[in-house]
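# Structural characterization, general
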Number of protein chains: 4
Amino acid sequence: MPLDLTDRFDPDIAARLQDADPASAGGLPAFLEVRITECGAGVLAARIDVTTALLTPFGAAHGGVLAALVDHVLGAVCYPVIPRGAWAATTEFKINYLAPVREGTLEARAEITTLGRRTAVVRIEAHANGDLVGIAQGTVTIRPPTPPTG
Amino acid sequence: MPLDLTDRFDPDIAARLQDADPASAGGLPAFLEVRITECGAGVLAARIDVTTALLTPFGAAHGGVLAALVDHVLGAVCYPVIPRGAWAATTEFKINYLAPVREGTLEARAEITTLGRRTAVVRIEAHANGDLVGIAQGTVTIRPPTPPTG
Amino acid sequence: MPLDLTDRFDPDIAARLQDADPASAGGLPAFLEVRITECGAGVLAARIDVTTALLTPFGAAHGGVLAALVDHVLGAVCYPVIPRGAWAATTEFKINYLAPVREGTLEARAEITTLGRRTAVVRIEAHANGDLVGIAQGTVTIRPPTPPTG
Amino acid sequence: MPLDLTDRFDPDIAARLQDADPASAGGLPAFLEVRITECGAGVLAARIDVTTALLTPFGAAHGGVLAALVDHVLGAVCYPVIPRGAWAATTEFKINYLAPVREGTLEARAEITTLGRRTAVVRIEAHANGDLVGIAQGTVTIRPPTPPTG
């Protein structure tokens with residue numbers, strides 16, 4: 001049963017996350033073309049197309065692709081339910097790889113388990129083409145917005 | 001104290017890992033331009049240049065960059081000490097992020113803690129420009145070489 | 001959605017686990033008086049009464065109580081769905097503590113995520129008096145039954 | 001290389017930890033008779049005698065014994081290097097079991113990797129009779145001392 005975070009949900013932030021151009025994220029998420037496909041109160045899913053550019057010579061996606069996606073949704077799931085201007089940074093996570101990913105679409109879905117003022121604990125399930133390929137759980141540190149100075 | 005794996009060390013495999021062109025790895029490691037910088041009996045280090053292409057708009061490398069590097073060294077450290085033709089696949093790991101990475105060189109060093117016939121446990125330390133930026137520990141599943149048929 | 005393990009479920013083993021006298025387990029589970037309260041195909045719950053004997057001078061149960069319960073259900077959940085005579089041993093797990101436990105009943109519920117011939121991945125949720133107090137995920141190594149000799 | 005925490009080290013707190021009667025800890029540590037055997041600036045070791053009372057009918061210590069010891073040293077290692085009156089509570093850890101423990105002495109040694117105002121990251125190695133039997137890493141949340149009121 002997911003945590004009820006309806007009261008804290010900011011639909012504008014959620015819409016901005018879902019509408020974002022993957023390229024605008026910059027860095028690794030832009031290379032992976034991570035798209036946010038679901039964004040609710042305490043839940044967020046993101047998707048990567050497993051193109052041949054992501055495959056190693058052995059024909060599977062590198063484990064780092066899933067690890068990066070997990071890291072991405074871990075932090076992103078917090079933004080619509082924390083104050084505007086606050087920061088969410090992954091401080092730790094643990095992942096179990098359950099099956100190799102060879103093609104199609106890789107999707108990770110994060111669900112907030114607990115949310116405090118300074119910390120959130122999040123669980124993630126990743127599927128590829130209908131199969132569960134990884135599970136993870138981790139902690140996000142939340143830094144409150146800096147008060148304006150001057 | 002690292003495990004003594006001198007007896008099982010295959011220097012040819014180690015040399016091949018160290019001399020490999022990052023681009024030849026394909027997929028994510030090629031994008032990240034991961035270079036193996038040290039490869040001994042049960043230890044392996046790999047390095048990434050933190051170019052602006054790896055930075056998010058917030059000026060730091062995405063957590064997935066370090067996670068991918070950790071995943072990479074976790075499996076790679078096993079190859080010089082397992083039978084030729086055997087496979088090493090990360091099955092799980094846990095990472096703690098200790099500091100953001102903004103520039104320079106990111107290096108992860110893996111050390112095998114225990115090595116059995118089917119499994120290895122590995123610890124990793126990652127540094128950027130002299131600072132410890134992450135620690136990890138994980139498990140690798142080793143699949144013995146397939147016997148030739150026919 | 002839990003894995004469907006109905007085909008592999010051995011109700012006799014499950015009944016034996018549920019009817020076992022906590023004292024018969026010996027060692028730490030006997031001290032903690034761990035009782036199996038649910039045992040199905042790929043799911044198992046176990047409970048501890050948080051007596052004053054388990055509290056530290058600060059009035060909360062030591063974190064090790066929950067860690068021990070997690071470790072216990074991780075292995076136990078496998079027995080009714082692996083061959084008779086096979087062994088299930090926890091090889092690794094990760095736990096997040098979500099709230100202190102001060103009184104009442106502590107229950108951990110394990111659910112098998114994947115089950116192979118040699119390994120299982122398991123997730124655990126722990127509740128105390130209705131509150132989620134911990135989540136964990138881990139790996140169990142399964143050793144097949146030793147063939148009879150002679 | 002352990003973190004240098006000499007400046008923050010409070011030898012009185014360290015001495016109190018080392019001299020404490022295991023029974024005074026109460027709860028699970030009292031049952032396990034955990035003794036602090038080393039206590040320095042950012043390092044702490046604790047020991048348990050693996051008596052027959054800790055063995056399961058299969059002749060090995062329950063995994064929960066090591067998990068509890070890991071949890072114990074994770075928090076305890078912080079006390080001599082945080083302000084008097086501050087609290088250190090384990091928020092998460094991950095453990096890999098490397099070998100069964102059947103007899104003799106089980107010792108876990110914790111080393112602080114990073115220490116901030118609100119959080120510490122700690123690594124642990126556990127040995128039994130000279131063999132490495134487990135490794136762990138985890139996070140401790142530090143709550144500053146409550147200012148006196150009135």
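Here the structure is a predicted model, which is why all the values come from computation and not from measurement.

Looking only at helices and strands, one finds three helices and six strands in chain A. Put simply, chain A runs from its N terminus to its C terminus through helices and strands in the order α-α-β-β-α-β-β-β-β. A globule of 150 residues ought to have a C-alpha radius of gyration of about 15 Å, and chain A, at 15 Å, matches this closely. Viewed in the frame of its principal axes, chain A has a C-alpha envelope of about 55 × 35 × 25 Å.

A rotation about an axis combined with a shift along that same axis relates the two copies of the chain. Mapping chain B onto chain A calls for a rotation angle of 180 degrees and an axial translation of 0.0 Å; the resulting RMSD is 0.0 Å. One copy is carried onto the other by what is essentially a two-fold rotation axis. The position closest to the rotation axis in chain B is occupied by the C-alpha of Lys 94 of chain B, lying 2.0 Å away.

Residue and element names in this part refer to chain C. Pairing of strand 3 (residues 87–97) with strand 6 (residues 131–143) involves ten bridges; the strand directions are antiparallel. By the bridge assignment for strand 6, Thr 90 is matched with Val 140. Of the strand pairs in this sheet, strand 5 (residues 119–128) and strand 6 are connected by ten bridges, and their pairing is antiparallel. Bridging across to strand 6, Val 121 finds its partner in Thr 139. Connecting strand 5 to the antiparallel partner strand 6 that follows it, the hairpin turn spans two residues, and Asn 129 within it adopts a positive phi of roughly 50 degrees.

A few words now on the relation of the copies chain C and chain A. It takes a turn of 180 degrees to lay chain C on chain A, together with a shift of 0.0 Å along the axis; the resulting RMSD is 0.0 Å. Both copies contact each other with a shared surface, as 100% of the interface residues of chain C are interface residues in chain A too.

Taken residue by residue, the interface counts eleven residues in chain C and eleven residues in chain A. Elements with a minimum of two residues in the side of chain C that touches chain A: strand 3, strand 4 (105–115), strand 5 and strand 6 of chain C. Per-element accounting of the side of chain C that touches chain A gives the leading share, four residues, to strand 6 of chain C.

Turning our attention to the sheet that holds strand 4 (residues 105–115) of chain A. In spatial order, the strands read 1(A)-2(A)-4(A)-5(A)-6(A)-3(A)-3(B)-6(B)-5(B)-4(B)-2(B)-1(B); together these twelve strands make up an open sheet with antiparallel pairing. Both edges of this open sheet fall to strand 1 (35–39) of chain A together with strand 1 (35–39) of chain B, since each of them pairs with a single strand only. Taken pair by pair, the neighbouring strands of this sheet meet at an average axis angle of 25 degrees, ignoring direction. Two strands pair when backbone bridges link them, and strand 4 (residues 105–115) of chain B and strand 5 (residues 119–128) of chain B are joined in this way by nine bridges, in the antiparallel orientation. Residue Glu 107 of chain B lies in a different strand from strand 5 of chain B, and its bridge partner there is His 127 of chain B. In this fold helix 3 (residues 63–76) of chain A packs onto strand 1, strand 2 (43–49), strand 3 (87–97), strand 4, strand 5 (119–128) and strand 6 (131–143) of chain A together with strand 3 (87–97) of chain B, with an angle of close to 140 degrees to the strand it touches most, strand 3 of chain A.

As a further point, take the environment of Leu 54 of chain A. If you trace the backbone, Leu 54 of chain A turns up in the loop between strand 2 and helix 3. For Leu 54 of chain A, a count of 24 C-beta atoms within 10 Å puts it in the buried group. In the structure, Leu 54 of chain A is positioned eleven residues away from Val 65 of chain A in sequence and 7.8 Å away in space, judged by C-alpha atoms. Sequence-distant contacts of Leu 54 of chain A, that is, excluding residues within four places in its chain, are made with Ala 61 and Val 65 of chain A together with Gly 27 and Leu 28 of chain B.

Each side of the interface is counted separately: chain B has 27 residues, and chain A has 27 residues. Residue assignment for the side of chain B that touches chain A shows that the elements contributing at least two residues are helix 3 (27–32), helix 4 (63–76) and strand 3 of chain B. By residue number, the principal contributor to the side of chain B that touches chain A is strand 3 of chain B, which donates eight residues. Classifying every residue of the side of chain B that touches chain A gives 14 nonpolar, ten polar and three charged.

For the pair helix 3 of chain A and helix 4 of chain B, the least separation of the axes is 8 Å and the interaxial angle reads 145 degrees. The handedness of the crossing between helix 3 of chain A and helix 4 of chain B comes out as right-handed. Taking contact as the criterion, the partners of Gly 63, Gly 64, Ala 67, Ala 68, Asp 71 and His 72 of chain A in helix 3 of chain A are, on helix 4 of chain B, Gly 63, Gly 64, Ala 67, Ala 68, Asp 71 and His 72 of chain B. Grouping the amino acids of the contact of helix 3 of chain A with helix 4 of chain B by side-chain chemistry returns four nonpolar, six polar and two charged.

A word on the sheet that holds strand 2 (residues 43–49) of chain D. The strand order across the open sheet built from twelve strands is 1(C)-2(C)-4(C)-5(C)-6(C)-3(C)-3(D)-6(D)-5(D)-4(D)-2(D)-1(D), with neighbouring strands paired in antiparallel fashion. At either end of the open sheet lies a strand with only one pairing partner, and these are strand 1 (35–39) of chain C together with strand 1 (35–39) of chain D. Sheet twist, expressed as the mean angle between neighbouring strand axes with direction ignored, is 25 degrees.

The phi dihedral of Glu 33 of chain A falls on the positive side, at around 50 degrees, and the residue is not glycine. Residue placement: Glu 33 of chain A occurs in the loop between helix 2 (27–32) and strand 1.

This part covers the pairing of strand 2 (residues 43–49) of chain C. The side chains of a regular strand alternate, residue by residue, between the two faces of the sheet. Residue and element names in this part refer to chain C. Note: strand 1 against strand 2, four bridges, orientation antiparallel. Opposite Ile 36, over in strand 2, you have Ala 46 as the bridge partner. Linking two consecutive strands that pair antiparallel, namely strand 1 and strand 2, is a turn of three residues; a positive phi of about 95 degrees is found at Gly 42 within it. Relative to strand 4, strand 2 runs antiparallel, the two sharing seven bridges. Bridge assignment links Asp 49 to a residue of strand 4, and that residue is Thr 105.

Let's shift gears to the environment of Glu 125 of chain D. All names here are of chain D. Summarising the element assignment, Glu 125 is placed in strand 5 (residues 119–128). In the structure, Glu 125 is positioned 15 residues away from Ala 110 in sequence and 6.7 Å away in space, judged by C-alpha atoms. Setting aside residues up to four positions removed in sequence, Glu 125 forms contacts with Arg 109, Leu 132 and Ile 135.

Conventions and cut-offs
Residues numbered from 1 in each chain as written. Chains lettered and ligands numbered in written order. Predicted model: local features only at pLDDT ≥ 70, side-chain atom pairs only at ≥ 80, totals over all residues. Helix = DSSP H or I, 4+ residues; strand = E, 2+ residues; numbered from the N terminus. Rg over C-alpha atoms; globule rule 2.2 N^0.38 Å. Least-squares fit on C-alpha atoms with pLDDT ≥ 70 in both. Pairing = 2+ DSSP bridges. Contact = placed C-beta atoms within 7 Å. Axes fitted to C-alpha atoms, helices over the stretch in contact; angles between N-to-C directions. Buried ≥ 20, exposed ≤ 12 C-beta atoms within 10 Å, placed from the backbone. Nonpolar A, V, L, I, M, F, W, Y, C, P; charged D, E, K, R; others polar. Left-handed = near helix turned anticlockwise from the far one by under 90°.

Keep in mind these numbers describe shape, not what the thing actually does.
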